[in-house]
Amino acid sequence: MAEDKGKRDSIGMSLRGCRTNNGFVQNEDILEKEPDPGSPPDSAVAILGPGKPALQIIRPYAGMPKEVLFQFSGQARYRVPREVLFWLTVASVLVLTAATIAIIAVSPKCLDWWQEGPMYQIYPRSFKDSDQDGNGDLRGIQEKLDYITTLNIKTIWITSFYKSSLKDFRHGVEDFREIDPIFGTMKDFENLVAAIHDKGLKLIIDFIPNHTSDKHAWFQLSRNRTGKYTDYYIWHDCMHENGTIVPPNNWLSVYGNSSWHFDEVRNQCYFHQFLREQPDLNFHNLDVQEEIKEIIQFWLTKGVDGFSFDAVKFLLEAEHLRDEAQVNKTQIPDTVTHYWELYHDFTTTQVGMHDVVRSFRRTMDQYSREPGRYRFMGTEAYGESIDGTMMYYGLPFIQEADFPFNNYLSKLNTLSGNSVFEVITSWMENMPEGKWPNWMIGGPDTARLTSRFGEEYVNIMNMLVFTLPGTPITYYGEEIGMRNILVTNLNESYDVNTLLSKSPMQWDNSSNAGFSEASLTWLPTNSDYHTVNVDVQKTQSRSALKLYQELSLLHANDLLLSRGWFCYLRNDSHSVVYTRELDGIDRVFLVVLNFGNSTTVNLKEMISSIPTRVRKRLSTNPTNKGSEVDTYAILLDKGEGLILEYNTKNLLHQQTAFRDRCFVSNQACYSSVLNILHSLC
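Note that the structure is predicted; figures quoted are calculated from it, not measured.

(A) Spatial organisation of the packing of aromatic side chains. Counting across every chain of the model gives 45 aromatic pairs. Judged by centre distance (6.4 Å) and plane angle (40 degrees), the rings of Phe 176 and Trp 218 are tilted. In this pair, Phe 176 sits in strand β6 (residues 173-179) while Trp 218 sits in helix α8 (residues 217-223), placing the two residues 42 residues apart along the sequence. Its relative accessible area of 8% is what places Trp 218 among the buried residues. On the numbers, 4.7 Å between centres and 70 degrees between planes, the contact of Tyr 475 with Tyr 476 is edge-to-face.

Listed below in structure tokens is the structure:
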């Protein structure tokens, strides 16, 4: 009896627990009530008899214990919606993932910062003097960053500023890790880098790895045969005949005469491709290569965004030291003293040279892993054939330079439609697939454009480089049409052209053209600075500066110029005509440039589908801006250029007749519906 009573009490407690203990306190004010004998129990289980439980209708309630919740979860009205939502979620995730992958797969490679806009090359000693010593400096560059941004420049390129003597315009470096005091301090450089980056710009600098100054610590250690530095340079025994030094071979310096110089300390000759004060490093020595890589790393940690590597074709020389062949075999050997009188088969572009340059690229890649911090590499390949120049782009699966600097336009002696066309097509036809071109019309080692061809060609040449595919490169002062200064006397012997193109930047019509407040500047300013300067041209609607700003803005904002196809239509002794177009955009830029005397161009003969009248988008003659021209007869004056614009669905690069005359670097198509670029062309 007692046992049966205990079981009944236990069951009663259990039932009461099912009714009142819902897993949380609902309301402490509600008193527990005994079940009404006449009403069915609220519990989920009724005891019909010993061992015979039965399910009743279950009503959900808040705070159900999991045992009761599991009973609801299996019911169809709860299970089916749950499964539907689950599979919808899975499907949505899969669709979004697939869409993301598809967008990534069809998206063309984004343009990097060195492709997006023009580079601006600065010779720092001539740009702006901040301390009134007559020499431009790093703080002077920082003072003028606002001006540079008005040109829509993306990258500033500063030529050599390392501690060095004045020999060969500072290309004989005494210390690669020091700023020459004439330009400022390392703190000045760090401030300049920070200011450039704050403006959203990038900075690349010159680096000349081939040689050092004879005052460099490495050379002093090498001439004394100190440890590993003994073979840091190229030394060889010299013969003595009749009291004179006879060099090991007939190799010549770029500046003429033997490239060997006797050192009395070491009692041997050392090799120099340039001045005798610039001994060549021995890149066959792996320790030298490691030293150069450490210098690259030093400047990358300072925040530099890239390098222009100069004179890289001279990095290696043949170790056998055989004589180089004479151009004129009948010339008496002792009279061969000029560099151009020999074929330089043993002193330039030797086997292994590109491997050295690629090792520089690998070093820079270690600092390019952070998003948005890709480190640019350019190479100076002047004097190379077009095939030799293209080798600096690298091999299909081995990257080298992002591009070798293209100075072919700056080497032109005469301007004509044919000569300009030849330079353009030579580069585009030989450039490896997928690589990026660049164009420059001047630099510190060539005469300025205005002095070579005349001021009437300033605007048309700027229009040319901004409408060609690739990166335009501007040497300071070209945006206002600066010219060479007159001959001046210096204590050093230099190439006259390279000296005269380095005159101080012309900022305004004040003393020294606003370049310096010093009584004497390192070079005189040009006599035309009263009319050819930045301040004057800012206020002139028809100035070279105004057109330059319009061209750079158009280049930055229009996909036709930054990503479009280039198709050339015609060239002759006077003019060059080409289009810029992009799949998905029913609009075309047609560029007409006249380098000869006044001429008439019939565009209808070239493109039958072109409208009878098209609009001028930009002109070197600003009075014509926005007007229309008759495509049957366009009259162009000497040095006049036009960017015309018209709508069409018949893009030339899609037509068989023009296909072999069209080039594109990074192909892309535009979707006007999605407002994106894609590669499904």
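Further notes follow.
(B) A look at the packing of helix α14 (residues 458-467) against helix α17 (residues 544-557). Packing of α14 against α17 leaves a shortest axis separation of 10 Å and a crossing angle of 10 degrees. Between α14 and α17, the angle is such that the two are roughly parallel. Residues Val 458, Asn 459, Asn 462, Met 463 and Phe 466 of α14 form the contact with α17, whose own contacting residues are Ala 544, Leu 547, Tyr 548, Leu 551, Ser 552 and His 555. Its residues placed into classes, the contact of α14 with α17 shows seven nonpolar, four polar and no charged.

(C) The confidence of the model for the protein, seen in detail. Per-residue confidence for the protein gives a mean pLDDT of 89; residues scoring 70 or more make up 89%. Segment residues 7-55 is flagged for pLDDT under 50; beyond a separation of four residues in sequence, or across chains, it makes 33 contacts in the model.

(D) Spotlight on the sheet that holds strand β19 (residues 471-475). Strand order in the open sheet made by the eight strands is β17-β14-β13-β7-β4-β3-β19-β18, with parallel pairing throughout. Only two strands of the sheet have a single partner each, and these edge strands are β17 (403-404) and β18 (438-440). Of the pairings in the sheet, the one linking strand β13 (residues 306-309) to strand β14 (residues 376-379) comprises four bridges and is parallel in character. What sits directly across from Gly 306, in β14, is Phe 376. Contacting β17 and β18, helix α12 (residues 417-430) crosses the sheet at an angle of about 150 degrees to β18.

(E) Quick peek at the state of the cysteines. Scanning all chains against the criterion turns up three disulfides. Here Cys 238 is linked by a disulfide to Cys 269, with a sulfur-sulfur distance of 1.7 Å. Here Cys 269 lies in strand β12 (residues 268-271) and Cys 238 lies in the loop between β8 (235-236) and β9 (239-241), a separation of 31 residues in the sequence. Cys 269 shares its class with Cys 238; the two are buried. Note that Cys 669 is cross-linked by a disulfide to Cys 681, the S-S spacing being 1.5 Å. Here the residue Cys 669 occupies a position in strand β29 (residues 669-671), and Cys 681 occupies one in the segment after β30 (676-678), the gap between them amounting to twelve residues. Given a relative accessible area of 3%, Cys 669 falls into the buried group. Sequence-ordered numbering of the bonded cysteines in the protein yields a pairing of 1-2, 3-4, 5-6.

(F) The sheet that holds β8, seen in detail. Strand order in the open sheet formed by three strands is β8-β12-β11, with antiparallel pairing between adjacent strands. Edge positions in the sheet fall to β8 and β11 (260-263), since each of these pairs with one other strand and no more. As paired strands, β11 and β12 are joined by four bridges and run antiparallel to one another. By the bridge assignment, His 261 is partnered in β12 with Tyr 270.

(G) View of the pairing of strand β21 (residues 575-581). The buried fraction of β21 amounts to seven of the seven residues, a majority that puts the element mostly inside the structure. Of the two faces of β21, the one holding Ser 575, Val 577, Thr 579 and Glu 581 and the one holding Val 576, Tyr 578 and Arg 580 are both buried throughout. Between strand β20 (residues 565-571) and β21, which pair antiparallel in sequence order, lie three residues. In this structure, β21 lies alongside strand β22 (residues 587-594), joined through six bridges in antiparallel fashion. Each residue of the ladder has a partner; that of Val 577, found in β22, is Val 592. Counting the residues between successive antiparallel strands, the hairpin from β21 to β22 contains five residues, one of them, Gly 584, with a positive phi of roughly 95 degrees.

Definitions and limits used
- Residues numbered from 1 in each chain as written.
- Predicted model: local features only at pLDDT ≥ 70, side-chain atom pairs only at ≥ 80, totals over all residues.
- Heavy atoms only, no water.
- Phe/Tyr/Trp six-rings, centres within 6.5 Å; stacked < 30°, edge-to-face > 60°.
- Helix = DSSP H or I, 4+ residues; strand = E, 2+ residues; numbered from the N terminus.
- Buried < 20%, exposed > 50% of the residue type's maximum accessible area, 1.4 Å probe, protein only.
- Axes fitted to C-alpha atoms, helices over the stretch in contact; angles between N-to-C directions.
- Parallel < 35°, antiparallel > 145°, perpendicular 65-115°, else oblique.
- Contact = heavy atoms within 4.5 Å.
- Nonpolar A, V, L, I, M, F, W, Y, C, P; charged D, E, K, R; others polar.
- pLDDT = per-residue confidence, 0-100.
- Pairing = 2+ DSSP bridges.
- Disulfide = S-S within 2.5 Å.

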